[in-house]
Number of protein chains: 2
Amino acid sequence: MSYHPADPESIFTYGAPRLKFGNGASEEIGYDLSLTGARRVLVVTDPGIAATGTPQRVADQMARFGIEALVYDQVHVEPTDASFQHAIDHALAAGPFDASVAVGGGPSIDTAKAINLLTTNPGELMDYVNVPVGQGRAPSKPLHPLVAVPTTTGTGAESTTICVLDVLEQQVKTGISHAALRPTMAVVDPRLTLTQPAGVTASAGMDILCHALESWSARPYTTYERKTPEERVPYCGANPVSDMWSSRAMQLLATSFRRAVHHGDDEQARTDMALASTFAGMGFSNAGVHIPHANAYPIAGRVKDFHPEGYPREEPMVPHGMSVSLTAPEAFRFTFDTNPQRHVEAARMLDPQAEMTDDPADLLPTVLARLMRDIGIPDWLAAVGYDESDVDHLVGGTMKQQRLLAAAPKDVTEDDVAAIFRGSFANW
Amino acid sequence: MSYHPADPESIFTYGAPRLKFGNGASEEIGYDLSLTGARRVLVVTDPGIAATGTPQRVADQMARFGIEALVYDQVHVEPTDASFQHAIDHALAAGPFDASVAVGGGPSIDTAKAINLLTTNPGELMDYVNVPVGQGRAPSKPLHPLVAVPTTTGTGAESTTICVLDVLEQQVKTGISHAALRPTMAVVDPRLTLTQPAGVTASAGMDILCHALESWSARPYTTYERKTPEERVPYCGANPVSDMWSSRAMQLLATSFRRAVHHGDDEQARTDMALASTFAGMGFSNAGVHIPHANAYPIAGRVKDFHPEGYPREEPMVPHGMSVSLTAPEAFRFTFDTNPQRHVEAARMLDPQAEMTDDPADLLPTVLARLMRDIGIPDWLAAVGYDESDVDHLVGGTMKQQRLLAAAPKDVTEDDVAAIFRGSFANW
């Protein structure tokens, strides 16, 4: 079913952090924070990133500007209410701080958002978590400056207004979502991304690609019923601004993605991937993402025994970007009829040399599958351990992500999702 | 001379106001300001815009949110230190205000920036005016929220970090320039632009075009010597983000500019012009503009007896966008050799059907001249009253704009500028 609103929306919104981009950008954070008047700053990171020395180097810049900086390096790689609370408690005990810097991937940046919220506003974590899991309260007081320094090319968390967490007691993944959570500044230093292993570059890069492609294909803002100002949310549907960021991200991926995976020391490819990640973040943080990201929740959550290249070997995992990518070809075959031209254009941006398929609906899935194979993504759901017996559970997990499915360009039923999963077991 | 820095810059920066775009967007400002906690708001506008009733409609929205709003409608169409001071004195006397809304073109938005600065920070206007005219002091305290509502499609002032003024005693045009001056939010409501006369649409539209084309062709950020963080300025040279905004603005102009001038009731063309204006603003407010804008200062400032269509008839004037456009074709012939491909690409974006000229350097000037003729821009400098006897004075005026000339993609001498003026007397 496509959408024909009686009173179509005419307004879209756009917000973004300030950006400082380029080799060496992370060496100027002390100065940038000094402009905010900050005196005590918390640097938030995870143990793996802390081991690279980058967070401490960021902290060490502060003294020159009379700013005291402490590093909190206990971010959990899969944030939970407990890990957020640990970080918040630490910040409250060691504080007060008047600004923070997140160094790392999505988990570090999201944890810093939660710290920022709960050290500036009254109440408990669950007061602010999205309904129905939490109370969905909006912050009543201004948050502090938050500088986000992504060290992987993928997350986009430096641009988003959300932090994602598992609520352990309820066994559910949810988030806190409010425009005030958006970092005030993104510092993107491509040199920090040079040490990503090929497997991480591939998975995280598929997250960039899906951010761009899902926001490009998301339900257009004009197909919603008109909202009151009170009803507006940061994710407002595909619009001329998000389209611009998303399409440019896809063009950057076309020339840099394979090179960055196979020649990790190619600084131009790394820089273009960092740009693509930033651009895709600027786009999807305003337009939204849909089916592949919704499917990723149960794919990552129900992992059995898969241990991907380039990631820590201790625990089984399907990395976020990989889990997003595995059903993307079939998801975009499903959405093709909502806007054939847009799907063909996306395929052409991602691979200008691709030959047209007999059925135009095959073009984008074909381009995606070829790329995934070339960069070493496993051969879809079967390769990460799923089979037909998992479909019902996977579908159930996807259907819980109604906030994401609502951004799809047409209604998505359980049968639709089941067909997408069944089409995604193996490809090549 | 082109630029070969010994230690090239590797970093660019990007900042922008939050954006709310679309028909009806200006009806939600009361709600948007209520989120900032504002209780008393000053609406800043000029007498002409005030007569349309829009500023009062914006003020009237505030009561529903418990916000008191006053309208100041005495903005001068060519702001001076005296007109800024009048506005600041009014705001201080009627205040305190904790937010402001600028409704109008560049003068209203720039005046609101000056009010915002001088009602939140200590000292006098001249303390903050750019050196050598003023002291160039940076604000020491945070400014208040400022919502900019452009009513013409051209200014870009909703995105910029500068306010322009004539300092009367010194007979010089200068500005106040600081990142803190950038409006916090731009509200772009295309319906407010429907009543622009054709002549205003044409002139203001040439301002959009030159914003896009000058930032697209500006000296790239990588051709500067490396800056310290303290040395960075908002206008950092052409970069991947400004290129994206500028090129998309040119593509929008290609399909909407002639239609908006000749069919002012075409809502799609008006919407696309409003988008183009916003996009060009997002671009040039980070990259900078150069020769055509530098030349515009003396062209507008030394006007003799020209009275353009669509503008008030009392005083002679060369409207800003017109004054920017009149030397643009020759300026881009002069800069062609710095990057032939970029100049050809720009011509192709502005007119995809244009046939290649015998000399590729002619293509962009030809495309621009044809557009200017089609939309009723006068036949260049002669048509607005200038002749050979004015060249020395015009060149002198341009050479004072070193801040702008520094953004050109090559060195610009007095002889270069004189040749551009001499080539711009008449065309068709």
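Keep in mind that this is a model prediction, so the values were computed, not measured.

Participant: What is the right way to read the overall build of chain A from this model?
Facilitator: Scanning chain A from N- to C-terminus turns up 18 helices and 9 strands. Expressed along its principal axes, the backbone C-alpha trace of chain A runs to roughly 65 × 50 × 40 Å. Partitioning the intrachain contacts of chain A with sequence separation of at least 6 by distance along the chain shows that 78% fall at a separation of at least 24. Surface exposure of chain A reaches about 16000 Å², of which carbon and sulfur atoms provide 52%. Distance between charge centres in chain A, computed from 32 positive and 52 negative side chains, equals 5 Å.

Participant: Sorry, what's going on with the packing of helix 8 (residues 240–262) of chain B against helix 13 (residues 340–350) of chain B here?
Facilitator: What describes two packed helices is the angle between their axes and the distance between those same axes. Residue and element names in this part refer to chain B. Between helix 8 and helix 13, the shortest axis-to-axis distance is 7 Å and the interhelical angle comes to 40 degrees. Put simply, helix 8 runs oblique to helix 13. Mapping the contact onto sequence places Asp243, Ser247, Met250, Gln251, Leu253 and Ala254 in helix 8 and Arg342, Ala346, Met349 and Leu350 in helix 13. Per-class residue counts for the contact of helix 8 with helix 13 are 6 nonpolar, 2 polar and 2 charged.

Participant: Help me understand the side chain of His343 of chain B, please; the structure alone is not making it clear to me.
Facilitator: Residue and element names in this part refer to chain B. Within the element layout of this structure, His343 appears in helix 13. By relative accessible area, His343 is classed as buried at 3%. Within the local environment of His343, its side chain forms a polar contact with the side chain of Thr335, the two groups lying 2.7 Å apart.

Participant: What's the story with the UniProt feature "domain: Alcohol dehydrogenase iron-type/glycerol dehydrogenase GldA" (unreviewed entry) in chain A in this structure? I'm lost.
Facilitator: What UniProt calls "domain: Alcohol dehydrogenase iron-type/glycerol dehydrogenase GldA" (unreviewed entry) maps, in this numbering, to residues 17–190 of chain A. For the annotated span residues 17–190 of chain A, helix accounts for 29% and strand for 24% of the residues, and the straight-line distance between the end C-alpha atoms is 18 Å.

Participant: Would you mind going over the nonpolar core with me for this structure?
Facilitator: Among the nonpolar cores identified, the biggest contains 172 residues, and Leu213 and Trp245 of chain A together with Leu213 and Trp245 of chain B are the most heavily contacted of them. Once residues lying within four places of it in the same chain are set aside, the contact partners of Leu213 of chain A are Met250, Phe332, Ala346, Leu350, Leu364 and Leu368 of chain A.

Participant: In this structure, what is going on with the pattern of salt bridges? I would like to understand it.
Facilitator: Here the idea is simple: oppositely charged side chains can pair when their charged atoms come close. With the rule as written, the count across this model stands at 38 salt bridges over all chains. Note that Glu9 of chain A and Arg232 of chain A form a salt bridge whose closest N and O atoms lie 3.1 Å from each other. Taken together, the positions of Glu9 of chain A in the segment before strand 1 (12–14) and Arg232 of chain A in the loop between helix 7 (198–217) and helix 8 (240–262) put the pair 223 residues apart, joining distant regions of the chain. No difference in accessibility class separates Glu9 of chain A from Arg232 of chain A, as the two residues are buried. The salt bridge partner of Arg342 of chain B is Asp243 of chain B, with a shortest N-O separation of 2.7 Å. Of this pair, Arg342 of chain B sits in helix 13 while Asp243 of chain B sits in helix 8, and the two are 99 residues apart along the sequence.

Participant: Please explain the relation of the copies chain B and chain A as it appears in this structure.
Facilitator: The operation linking the two copies of the chain is a rotation about an axis combined with a translation along the axis. Rotating chain B by 180 degrees and translating it 0.0 Å along the rotation axis places it on chain A, where the RMSD comes to 0.0 Å. The operation mapping one copy onto its partner corresponds to a two-fold rotation axis. A high fraction, 100%, of the interface residues of chain B reappear at the interface in chain A, so the copies pair face to face through one surface.

Participant: Whenever I open this one, the environment of Gly205 of chain A confuses me. Can you help?
Facilitator: Residues and elements named next belong to chain A. Along the chain, the position of Gly205 falls in helix 7. The spacing of Gly205 and Ser325 is 120 residues in sequence and 9.6 Å in space, taken between C-alpha atoms. Residue contacts for Gly205: discarding those within four places in its chain leaves Thr153, Val200, Phe257 and Met273.

Participant: Would you mind going over the sheet that holds strand 2 (residues 18–21) of chain B with me for this structure?
Facilitator: Hydrogen bonding along the main chain pairs the strands of a sheet, whether they run parallel or antiparallel. Spatial strand order, 1(A)-2(B)-9(B)-6(B)-5(B)-3(B)-4(B): 7 strands in an open sheet with mixed pairing. Only two strands of the sheet have a single partner each, and these edge strands are strand 1 of chain A together with strand 4 (68–72) of chain B. When the angles between neighbouring strand axes are averaged without regard to direction, this sheet yields 15 degrees. Contacts from helix 9 (residues 267–287) of chain B reach strand 1 of chain A together with strand 2 and strand 9 (185–188) of chain B, with the element oriented near 175 degrees to strand 2 of chain B.

Participant: Could you clarify how one ought to interpret the interface of chain B and chain A in this entry?
Facilitator: The parts lose accessible area when they come together, and the size of an interface is often stated as this lost area. Contact with chain B, which involves 31 residues of that partner, is made by 31 residues of chain A. In this assembly, chain B packs against chain A so that about 2600 Å² is buried in total across both faces, 67% of it on carbon and sulfur atoms. By the criterion of area lost to chain A, the three top residues of chain B are Tyr14, Pro229 and Met244 of chain B, representing 22% of everything that side buries. The interface formed by chain B and chain A contains 2 salt bridges. Elements supplying a minimum of two residues to the side of chain B that touches chain A: strand 1 (12–14), strand 2, helix 8 and helix 9 of chain B.

Participant: Explain the domain arrangement of chain A to me, please; I cannot follow it from the model alone.
Facilitator: All names here are of chain A. Examined at the domain level, chain A breaks down into domain 1 (24–188) and domain 2 (198–422). For domain 1 and domain 2, the distance between their C-alpha centroids amounts to 26 Å. Between domain 1 and domain 2, the residue contacts involve 15 residues of the former and 20 residues of the latter. Taken as a group, Thr153, Gly154 and Lys173 account for 34% of the area that domain 1 buries against domain 2, more than any other trio of residues on that side. On the surface where domain 1 and domain 2 come into contact, there are 0 salt bridges. Connecting domain 1 to domain 2 are 3 residue pairs in polar contact (both at pLDDT 80 or more). Considering only residue class, the side of domain 1 that touches domain 2 consists of 4 nonpolar, 8 polar and 3 charged.

Participant: For this particular structure, what's the right way to read the environment of Gln85 of chain B?
Facilitator: Residues and elements named next belong to chain B. Note on placement: Gln85 falls in helix 4 (residues 81–94). Judged by relative accessible area, which is 26%, Gln85 ranks as partly exposed. Remark: the alpha-carbon pair of Gln85 and Leu368, spanning 283 residues in sequence, is separated by 39 Å.

Participant: How do you make sense of the UniProt feature "domain: Fe-containing alcohol dehydrogenase-like C-terminal" (unreviewed entry) in chain A when you look at a structure like this?
Facilitator: Per the UniProt record, "domain: Fe-containing alcohol dehydrogenase-like C-terminal" (unreviewed entry) is found at residues 237–423 of chain A. Summarising residues 237–423 of chain A: 63% helix, 0% strand, and an end-to-end C-alpha distance of 27 Å.

Participant: What am I meant to see in the sheet that holds strand 5 (residues 99–104) of chain A here?
Facilitator: Across the sheet, 7 strands lie side by side as 4(A)-3(A)-5(A)-6(A)-9(A)-2(A)-1(B); this open sheet has mixed pairing. Looking at which strands have only one partner, the edges of the open sheet turn out to be strand 4 (68–72) of chain A together with strand 1 of chain B. With strand direction ignored, the average angle separating the axes of adjacent strands in the sheet is 15 degrees. Where strand 3 (residues 40–44) of chain A and strand 5 of chain A come together, 4 bridges link them in parallel fashion. Within the sheet, the bridge partner assigned to Val44 of chain A lies in strand 5 of chain A and is Ala102 of chain A. Contacts between helix 5 (residues 106–120) of chain A and the sheet are confined to strand 3, strand 5 and strand 6 (146–150) of chain A, with strand 5 of chain A contributing the most and set at about 165 degrees to the helix.

Participant: Explain helix 10 (residues 291–301) of chain B to me, please; I cannot follow it from the model alone.
Facilitator: One turn of an α-helix holds 3.6 residues; hence residues three or four places apart share an orientation. In terms of residue burial, helix 10 of chain B counts as a mostly covered element, since 9 of its 11 residues are buried. Along helix 10 of chain B, the residues that are buried comprise Ile291, Pro292, His293, Ala294, Asn295, Ala296, Tyr297, Pro298 and Ile299 of chain B.

Participant: Teacher, can you tell me more about the packing of aromatic side chains here?
Facilitator: Each aromatic ring pair is characterised by the separation of its centres together with the angle its planes make. Residue and element names in this part refer to chain A. Applying the stated criterion across every chain, the model contains 11 aromatic pairs over all chains. Between Trp245 and Phe279, the ring centres sit 5.1 Å apart and the planes meet at 85 degrees, which makes this aromatic pair edge-to-face. Taken together, the positions of Trp245 in helix 8 and Phe279 in helix 9 (residues 267–287) put the pair 34 residues apart, joining distant regions of the chain. Since its relative accessible area comes to 0%, Trp245 is described here as buried.

What counts and how
Residues numbered from 1 in each chain as written. Chains lettered and ligands numbered in written order. Predicted model: local features only at pLDDT ≥ 70, side-chain atom pairs only at ≥ 80, totals over all residues. Heavy atoms only, no water. Helix = DSSP H or I, 4+ residues; strand = E, 2+ residues; numbered from the N terminus. Contact = heavy atoms within 4.5 Å. Areas by Shrake-Rupley, 256 points an atom, 1.4 Å probe, with all protein chains shown as cover. Lys, Arg positive; Asp, Glu negative; His and termini not counted. Charge placed at Lys NZ, Arg CZ, Asp CG, Glu CD. Axes fitted to C-alpha atoms, helices over the stretch in contact; angles between N-to-C directions. Parallel < 35°, antiparallel > 145°, perpendicular 65-115°, else oblique. Nonpolar A, V, L, I, M, F, W, Y, C, P; charged D, E, K, R; others polar. Buried < 20%, exposed > 50% of the residue type's maximum accessible area, 1.4 Å probe, protein only. Polar contact = N/O pair within 3.5 Å; in protein donor to acceptor, adjacent residues only side chain to side chain. UniProt positions renumbered as here; feature names shortened; annotations may be inferred. Core = buried A, V, L, I, M, F, W, Y, C linked by side-chain atoms within 4.5 Å. Salt bridge = Lys/Arg side-chain N within 4 Å of Asp/Glu carboxyl O. Least-squares fit on C-alpha atoms with pLDDT ≥ 70 in both. Pairing = 2+ DSSP bridges. Buried area = accessible area lost by both parts, 1.4 Å probe. Domains from an automatic or database assignment. Phe/Tyr/Trp six-rings, centres within 6.5 Å; stacked < 30°, edge-to-face > 60°.

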